[in-house]
Amino acid sequence: MKKTNPSFLNGVPELLVLRLLACREMYGYQIVDEIRTRTGEALAFGEGCIYPYLHYLEAQRQVISRRREVDGRNRNYYKLTVRGRKRLDELTAEWNRVTTGVSLLMEEKYA
Amino acid sequence: MPETKFIKQLRRRLVELGCPLKRMRRLVREVAEHREDLKQAAMTEGRSQAEAEARADAQLGNPLVLAEQTMVALRQSSWWGRHPVIGFCVVPILMAPVLWLLLFCLELSLGFALGYGWDLRKLPGPDNLAAVRHLTITVVCAHCVAVALVTLFFCWFARQAAAAFKWTVTACVICSLYASFSKGTITPRSFQIAFSWSPDLVAGAVPLLIAGAIYFLLRRTARHFLEKVAE
């Protein structure tokens, strides 16, 4: 996440990563690539920064990792846990609350 | 995975920052795999291998910054890492009752092992100076062992939380001060655990010796690891 993001976007990287992992297990490169492409390149993780973040989520037991071989390449795949899913629900509810509030304000006509 | 300059710099910096070796190996492996994916993606776009490698390194950013970020994330992931002042300055002082209990249990166990037990007839009286000396040595040893165990406990937490070495030293110094001024004493038919203004230098030296031993052990392990990798 870019440093210029305002503080109210804290928690967005966590939301994005958990949301992606809720669909299927992924490895670091895939997560970064998916965030970039699926947000229309509006949001992008620093390529190397994803790993400290994934390790942090793993320490919080929101994700688990396992070594898996696909197409001859061994990689660490990350998967959402029950705790991660609960956290995702919380973050999604919070996100919906914020976006609804912002939308209401933005829809008001200029005087 | 190929040993590139980026990977070497990342590994060295993580070791310098005191990252546990297991974590460091995993992160380096993941970043190396990520770099390989970036390189493959660049080559698919028609770039040469050298161009693809340069692009992958540029996309990954500065390895030194990445190492710092990793350590911050590692520290933030545990309570001890998030609250080092409380964890390594205040909690060691609050551990006093635990230390006392440990000391007491150790002394009782050693008393039993030496055959004094709870039997009053076997407890040394004023006339049995050899037994008093025997138990005094036991109490001092138990005190030192209890202090060492509490110190090792905090050092282990500091290592697990990837806390900076200064926090290990801080916890050891506090344990040392505590051990210096608390002491267990034994006199005929009396056992006391108390604070005293006259420092017990032997017990006080134990945490400092542990801190020194850990420092040299960590340095040696890191040096050996880096030498092994460089071969």
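Residues numbered from 1 in each chain as written. Chains lettered and ligands numbered in written order. Predicted model: local features only at pLDDT ≥ 70, side-chain atom pairs only at ≥ 80, totals over all residues.

Draft legend 1. Focus on the overall build of chain A. Counting its regular elements, chain A contains four helices and two strands. Of the regular secondary structure in chain A, the N- to C-terminal order runs α-α-α-β-β-α. Taken across its 111 residues, chain A has 25% of its residues classed as buried. Long-range contacts, defined as pairs at least 24 residues apart, comprise 48% of the intrachain contacts of chain A with a sequence gap of at least 6. (Helix = DSSP H or I, 4+ residues; strand = E, 2+ residues; numbered from the N terminus. Buried ≥ 20, exposed ≤ 12 C-beta atoms within 10 Å, placed from the backbone. Contact = placed C-beta atoms within 7 Å.)

Draft legend 2. Structural view of the interface of chain A and chain B. Counting residues at the interface gives 15 residues for chain A and 18 residues for chain B. Those elements giving two or more residues to the side of chain A that touches chain B turn out to be α2 (28–38), α3 (50–59) and β2 (73–80) of chain A. Here the element with the most residues in the side of chain A that touches chain B is α3 of chain A; it accounts for six residues. A per-class count over the side of chain A that touches chain B returns seven nonpolar, six polar and two charged. (Nonpolar A, V, L, I, M, F, W, Y, C, P; charged D, E, K, R; others polar.)

Draft legend 3. Structural view of the environment of Gly84 of chain A. Residue and element names in this part refer to chain A. Checked against the element boundaries, Gly84 lands in helix α4 (residues 82–107). Between the C-alpha atoms of Gly84 and Arg61, which are 23 residues apart in sequence, the distance is 7.1 Å. When neighbours within four sequence positions are excluded, Gly84 is seen to be in contact with Leu18, Gln62 and Val63.

Draft legend 4. The arrangement of the pairing of β2 of chain A in detail. Residues and elements named next belong to chain A. Where strand β1 (residues 63–70) meets β2, eight bridges bridge the pair, whose relative direction is antiparallel. When the bridges of β2 are listed, Glu69 appears paired with Asn74. Linking β1 back to β2 in an antiparallel pair, the connection comprises two residues, with Asp71 at a positive phi of about 50°. (Pairing = 2+ DSSP bridges.)

Draft legend 5. Representation of the nonpolar core within the structure. Tyr53 of chain A together with Leu10, Phe154, Ala158, Ala171 and Cys175 of chain B are the most contacted members of the largest nonpolar core, which has 66 residues in total. Among the elements that line this core, the one with the most residues is helix α8 (residues 129–160) of chain B, at ten residues. Once you skip the residues sitting within four places of it in the chain, Ala171 of chain B turns out to touch Phe88, Pro92, Phe154 and Ala158 of chain B. (Core = buried A, V, L, I, M, F, W, Y, C linked by C-beta atoms within 7 Å.)

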